[in-house]
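# Topology and contacts: notes
The residues making up each chain are set out below.
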Amino acid sequence: MTRSVAARVRGLDPRLKLGTGLALGPATWLLDPAWVGLGAACLLVVVGSLASDRPLGRTMVRRLLFFVLLWTAVKIGLDLVSGLALREAALAGLLLAVRLAGLVLLGLALALSTSTRALGMAAAWALRPVIGRERAWRTALSLALMVHFLPLCLATMEQVSAAFRQRCPRGGLFRRLTVVPLAVIRNLGQKTWSQTLAVAGRGLDDASAWEPDFAWALADTLWLAVLGALLLAAFSA
């Protein structure tokens with residue numbers, strides 16, 4: 001079942017997935033928390049399915065959820081310091097956790113289900129009538145690189161953390177918080193240069209590489225109708 005869900009999501013048109021992401025992103029902060037929680041639960045199932053065949057997929061999910069818990073704790077702590085009651089601070093923190101979890105899961109689902117080039121071509125297809133062919137492909141390339149770096153950052157963080165645990169098994173928390181972020185930043189800097197060479201080597205720095213070649217299917221129409229109906233019901237509630 002996990003593979004079936006992942007295959008169906010990956011098979012959807014990139015234009016549908018990009019449009020869904022752009023619509024659901026702001027909706028995460030505008031809708032009622034119950035709808036956001038329901039959407040986050042569905043996204044967790046989708047992301048779990050998509051991450052199951054990735055070497056560090058489940059680790060990415062755990063790190064993102066840890067990120068959500070960290071900011072939730074910061075939010076509750078600041079509310080308590082400002083004089084807010086414990087119950088009100090906990091409710092505000094829970095609301096932030098639900099909305100933030102929905103947002104990061106949405107981004108990870110988009111990154112895991114669609115290749116960066118496909119997302120870029122979908123963006124170029126949408127922007128070409130508005131800003132022209134030349135600016136559209138440059139924007140598409142920027143979007144593709146940005147989306148590509150989300151799982152890349154998480155994978156790099158996990159690799160650096162694993163290397164730190166093996167080489168410094170007795171390293172304390174302070175040393176870990178000092179060494180790991182610096183190593184991650186250095187590694188990402190090196191990967192940035194590698195990505196630049198990869199873009200140039202594959203000819204992605206040209207408008208012809210971003211010409212869309214999509215085929216809209218019946219399944220895309222059905223999913224668009226379902227998502228549209230759900231969003232309409234959520235905003236009407």
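Residues numbered from 1 in each chain as written. Predicted model: local features only at pLDDT ≥ 70, side-chain atom pairs only at ≥ 80, totals over all residues. Heavy atoms only, no water.

A count of helices and strands for the chain gives nine helices and zero strands. Each helix and strand of the chain, ordered N terminal to C terminal, gives the series α-α-α-α-α-α-α-α-α. Dimensions of the chain, computed from C-alpha atoms along their principal axes, come out at roughly 50 × 50 × 40 Å. A buried classification covers 35% of the 237 residues belonging to the chain. Restricting to contacts in the chain with at least 6 residues of sequence separation, those with at least 24 account for 78%. In the form shown here, the chain has an accessible surface area of approximately 14,100 Å², with 68% of it arising from carbon and sulfur atoms. Distance between charge centroids for the chain: 11 Å, based on 25 positive and 12 negative side chains. (Helix = DSSP H or I, 4+ residues; strand = E, 2+ residues; numbered from the N terminus. Buried < 20%, exposed > 50% of the residue type's maximum accessible area, 1.4 Å probe, protein only. Contact = heavy atoms within 4.5 Å. Areas by Shrake-Rupley, 256 points an atom, 1.4 Å probe, with all protein chains shown as cover. Lys, Arg positive; Asp, Glu negative; His and termini not counted. Charge placed at Lys NZ, Arg CZ, Asp CG, Glu CD.)

Attention shifts here to the environment of G37. Locating G37 in the fold gives a position in helix α3 (residues 33–51). Sequence separation between G37 and R176 is 139 residues; the distance between their C-alpha atoms is 33 Å.

Tallied over the full model, the rule gives two salt bridges. Between D13 and R15 there is a salt bridge, with the nearest N and O atoms lying 3.0 Å from each other. The buried category is assigned to D13, whose relative accessible area is 3%. The buried category is assigned to R15, whose relative accessible area is 19%. (Salt bridge = Lys/Arg side-chain N within 4 Å of Asp/Glu carboxyl O.)

Scanning the entire structure with this criterion turns up one aromatic pair. Arranged with centres 6.4 Å apart and planes meeting at 70°, the rings of F67 and W71 form a pair that is edge-to-face. Linking F67 with W71, this pair stays in helix α4 (residues 57–81), spanning four residues, or about one helical turn. Across from the ring centre of W125, 4.9 Å away, lies the NZ or CZ of R15, which sits over that ring. (Phe/Tyr/Trp six-rings, centres within 6.5 Å; stacked < 30°, edge-to-face > 60°. Lys NZ or Arg CZ within 6 Å of the ring centre and 35° of its normal.)

By secondary structure assignment, the location of S113 is in helix α5 (residues 86–113). There is a polar contact of 3.2 Å between the side chain of S113 and the side chain of T114. Those residues in contact with S113 that lie beyond four places of it in its chain are V9, R10, K17 and L50. (Polar contact = N/O pair within 3.5 Å; in protein donor to acceptor, adjacent residues only side chain to side chain.)

With that settled, the discussion passes to the nonpolar core. Counting residues in hydrophobic clusters, the biggest one holds 21 residues, and the most contacted among them are V47, V68, L108 and L112. When residues of this core are traced back to their parent elements, those giving at least two are α1 (2–10), α3, α4, α5 and α7 (133–167). Here the element with the most residues in this core is α5; it accounts for nine residues. Listed in part, the 11 residues of the second largest apolar core include A124, W137, A144 and A209. (Core = buried A, V, L, I, M, F, W, Y, C linked by side-chain atoms within 4.5 Å.)

What follows is about the environment of A126. By the secondary structure assignment, A126 is in helix α6 (residues 116–131). Exposure remark for A126: the relative accessible area of 41% places this residue in the partly exposed category. As a C-alpha pair, A126 and R165 span 39 residues in sequence and 45 Å in three-dimensional space.

You can see S161 is positioned in helix α7. With a relative accessible area of 2%, S161 lands in the buried category. A distance of 2.8 Å separates a polar side-chain atom of S161 from the backbone oxygen of M157. Ignoring any residue separated from it by four or fewer positions in sequence, one finds S161 in contact with R63, R176 and V180.

A few words now on the confidence of the model for the chain. Mean pLDDT for the chain: 83, with 97% of residues reaching 70 or above. Averaged pLDDT values over the elements of the chain bottom out at 77 in helix α8 (residues 173–201) and peak at 89 in helix α2 (residues 14–30). (pLDDT = per-residue confidence, 0-100.)

Side chains of F66, F67, L70, W71, V74 and L78 sit close together on the surface and give an oily, nonpolar patch of about 600 Å² of accessible area. Tracing the chain through its elements places L78 in helix α4. For L78, a relative accessible area of 56% translates into the label exposed. (Patch = residues over 30% accessible without salt bridge, like charges linked within 9 Å, V, L, I, M, F, W, Y side chains within 5 Å.)

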